[in-house]
Amino acid sequence: MSTLYGHDDLASEETETIDSDEEDQQRSSRDPNKLPFSIIWRDDLKNDDIKIPCSSLLIALGATASAFAFTHVLCNYDLELIGYGTDEKISDDGSTETKSFDQIKAQQYSTQSVDRIYRLPSSSFVLIQLNSSIKSDRIWPLSDQILNKFNFSNLAHSNPIYVIQSRLSMDYVTIAGEFESKANLFIRYIKSSLIPIDDKITQAIKPIEPPNAIRGLAAALFTRLHQANIPVIVLVVYQRHSSVNPDALKLLQRILDRTSPTLKQYVPSTEKTNKQLIRLASIQTSNMYS
Amino acid sequence: MTGTEKLNWSGYTLVLPSICHCHVGQLAVDTLINTLNMKSVHILNWTCVEPVIAYDPYENTNRENLAFSIEVYEEPSLKILVIQQRGNIVLGKRQEFVDELLTFFKNEQLKEIIVLTAFNAVERNDVQLTGYESFNAVERNDVQLTGEQFRYLSTTLDSNNLNWIVLEERQDKHHHKIVRDRDRYYIAGGGIANRLFYTAQQSQIPATILLMFTDIGQEVQHANELLIRLNQWKKWCQVEQWQMPTSQRAWVETQTVPPIY
């Protein structure tokens, strides 16, 4: 039927169904060219029965934390790649090439976010770098997939797992209703109750104050570790902009140096200037088009 | 269910918020928990709820206490269970959430479910906007600004002695009532309240929805109103004033939703 504005069908006379199951399916529908985001383990570690020993774990989520991991850990140690995250689908005709682990590790100008798991062969130190945006329905499965792969029996209460990430300072709210001291850069923590109240972390920085909260993969990892009685601390760097900030990287290094005797050795301070840190960080987080 | 001690909640009343317009339900539940000084007894491991962690926002609690995405609080003397939900429902998993909730209800042999939610005031129809007393006054140009803004839906409650108004049934554009059961009611911005009510009805589970027509700026006032109505019905306690957690003062002062919701 034609209307004044062109040919079209009249809207159905039936009343629209609201909150339908079809609507729910549409909301959860996935790109048919992608798989659910998950971790691919190295071939010798793929078996579900294999648990990787871990006595120190640093998890870096997002661009700033990922950049910190690169500039302060990966640049100073030769870590082996033991897993990476992807949602790439291998096409049936084999036109999508599967890269070897060595190829993935060597890739510096990646065209997608870096999502990698490293291990230092000489010790049980593990570094997890996750930079991709994860869909909400993958957060819990991904956190379970990661944590179920490791054996944390050698993890001491004095040596908790650290999860680091950054957020915008304008999102931080204080009870007085003012944004935190109008500061451009500050850091807060949330820790599991296994860690004593007089721990170094509580003396170095303030906790995340209610009504602020942590969401996403950091929250999922924390919840699972807390329920498994494994000590964990989440550090959140609040900064004015979402871009990688070398002052944030230096702040993270100072805090980890002061509060974690075990991680301290893996995150040495650097003499590099801010300019060099930015350049280094951009290598890690850039792609061909930025 | 995790935990070393099996808790007996048989016969308890379950109160929970629907994540709704202006977060009224969650604010009401936080105020309820804070006022009654309820304790967290269980974390629900439902993967259909997005993860959240924070420090406990309530008064008179250990500052080291953690708050999770969805957990259960208990008031044993009044036989009340409260679920506070801070994480959004994962996209596409609303029915899974409702099913989990009703399974929890049956497994714990609870007595009834009460959902606190809000209805986006912008979506009110004429009667909901102006109220029944003044509805006929429109013709006389004698219209009140707003009528009663509280409504309820229930599979069991007969509110004659409470003078409550039941939520009006939905009508199509020709002002005919909707025949399909699933779409009889419309709770704009009410989250899973409508779906939960329908599913509970089908499963013959006693369920009541309490809602306020709410707009931005009315969250705190309407959260309070919901609790007043709830207590008017249940007569749980003598409360002169419901105590909003201090941490939510930021809401009042900045007019922005606190990150914990």
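Heads up: these notes are all about the structure in this document. All values derive from a computational prediction rather than experimental measurement. (Residues numbered from 1 in each chain as written. Chains lettered and ligands numbered in written order. Predicted model: local features only at pLDDT ≥ 70, side-chain atom pairs only at ≥ 80, totals over all residues. Heavy atoms only, no water.)

1. Considering the overall build of chain A
Working step 1: Tallying secondary structure elements over chain A gives 8 helices and 14 strands in all.
Working step 2: Residue burial in chain A is summarised as follows: out of 290 residues, 48% are buried.
Working step 3: When contacts within chain A are restricted to residue pairs at least 6 apart in sequence, those whose partners lie at least 24 apart make up 77%.
Working step 4: Total accessible area on chain A stands at roughly 14,600 Å², and carbon and sulfur atoms take up 48% of it. (Helix = DSSP H or I, 4+ residues; strand = E, 2+ residues; numbered from the N terminus. Buried < 20%, exposed > 50% of the residue type's maximum accessible area, 1.4 Å probe, protein only. Contact = heavy atoms within 4.5 Å. Areas by Shrake-Rupley, 256 points an atom, 1.4 Å probe, with all protein chains shown as cover.)

2. Some points on the overall build of chain B
Working step 1: Within chain B one finds 6 helices and 9 strands.
Working step 2: Within the span of chain B, comprising 261 residues, buried residues form 57% of the whole.
Working step 3: Carbon and sulfur atoms make up 45% of the accessible area of chain B, which amounts to about 11,600 Å² in all.

3. Points about the pattern of salt bridges
All names here are of chain B.
Working step 1: Within this structure, the stated rule accounts for 13 salt bridges over all chains.
Working step 2: Between Asp30 and Arg86 there is a salt bridge, with the nearest N and O atoms lying 3.2 Å from each other. On the criterion of sequence distance, the pair formed by Asp30 in helix α1 (residues 24–35) and Arg86 in the loop between β6 (80–85) and α2 (94–107) is long-range, its members being 56 residues apart. Here Asp30 matches Arg86 in class, with each residue buried. (Salt bridge = Lys/Arg side-chain N within 4 Å of Asp/Glu carboxyl O.)

4. Considering the packing of aromatic side chains
Residues and elements named next belong to chain A.
Working step 1: The final tally for this structure, using the stated rule, is 17 aromatic pairs over all chains.
Working step 2: Ring geometry for Phe186 and Tyr238: centres 5.1 Å apart, planes at 15°, overall stacked. Here Phe186, found in strand β11 (residues 185–191), pairs with Tyr238, found in strand β14 (residues 232–239); they are 52 residues apart in sequence, far enough to count as distant.
Working step 3: Note on Tyr238: relative accessible area 4%, which makes it buried. (Phe/Tyr/Trp six-rings, centres within 6.5 Å; stacked < 30°, edge-to-face > 60°.)

5. Topic: α2 of chain B
Residues and elements named next belong to chain B.
Working step 1: With 14 residues, α2 extends 20 Å from end C-alpha to end C-alpha; this agrees with the ideal 20 Å at 1.5 Å per step.
Working step 2: Among all positions in α2, only Arg94, Phe97, Val98, Leu101, Leu102, Phe104 and Phe105 are buried. Projected onto a plane normal to the axis of α2, the buried residues spread over an arc of 155° and lie on a single side.
Working step 3: Just past α2, the residue Gln109 takes up positive phi, approximately 55°. (Expected span 1.5 Å × (residues − 1). Arc of directions from axis to C-beta.)

6. Side note on the sheet that holds strand β2 (residues 39–43) of chain B
Residue and element names in this part refer to chain B.
Working step 1: Taken in spatial order, the 7 strands of this open sheet run β2-β5-β6-β1-β7-β9-β8, and their pairing is mixed. The strands lining the two open edges of the sheet, one partner per strand, are β2 and β8 (150–154). Strand-to-strand twist across the sheet, computed as the mean angle between neighbouring axes with direction ignored, equals 25°.
Working step 2: Taken together, the 5 bridges between β8 and strand β9 (residues 207–214) define a ladder with antiparallel strand orientation. Opposite Arg151, over in β9, you have Leu211 as the bridge partner.
Working step 3: Against the sheet, helix α5 (residues 219–234) contacts β1 (13–17), β7 (112–120), β8 and β9, and its axis sits at roughly 145° relative to β9. (Pairing = 2+ DSSP bridges. Axes fitted to C-alpha atoms, helices over the stretch in contact; angles between N-to-C directions.)

7. Observations regarding the state of the cysteines
Working step 1: With the rule as written, the count across this model stands at 0 disulfides over all chains.
Working step 2: Looking at Cys48 of chain B, it has no disulfide partner, and the nearest cysteine sulfur is the one in Cys20 of chain B, 18 Å off. (Disulfide = S-S within 2.5 Å.)

8. Quick notes on α5 of chain B
Residues and elements named next belong to chain B.
Working step 1: Helix length check: α5, at 16 residues, gives a terminal C-alpha distance of 22 Å against a target of 22 Å (1.5 Å per residue), a fit within 8%.
Working step 2: Restricting attention to buried positions, one finds in α5 the residues Glu219, His222, Ala223, Leu226, Leu227, Arg229, Leu230, Asn231, Trp233 and Lys234.
Working step 3: Note on α5: the residue one or two positions beyond its end, Lys235, has a positive phi of about 55°.

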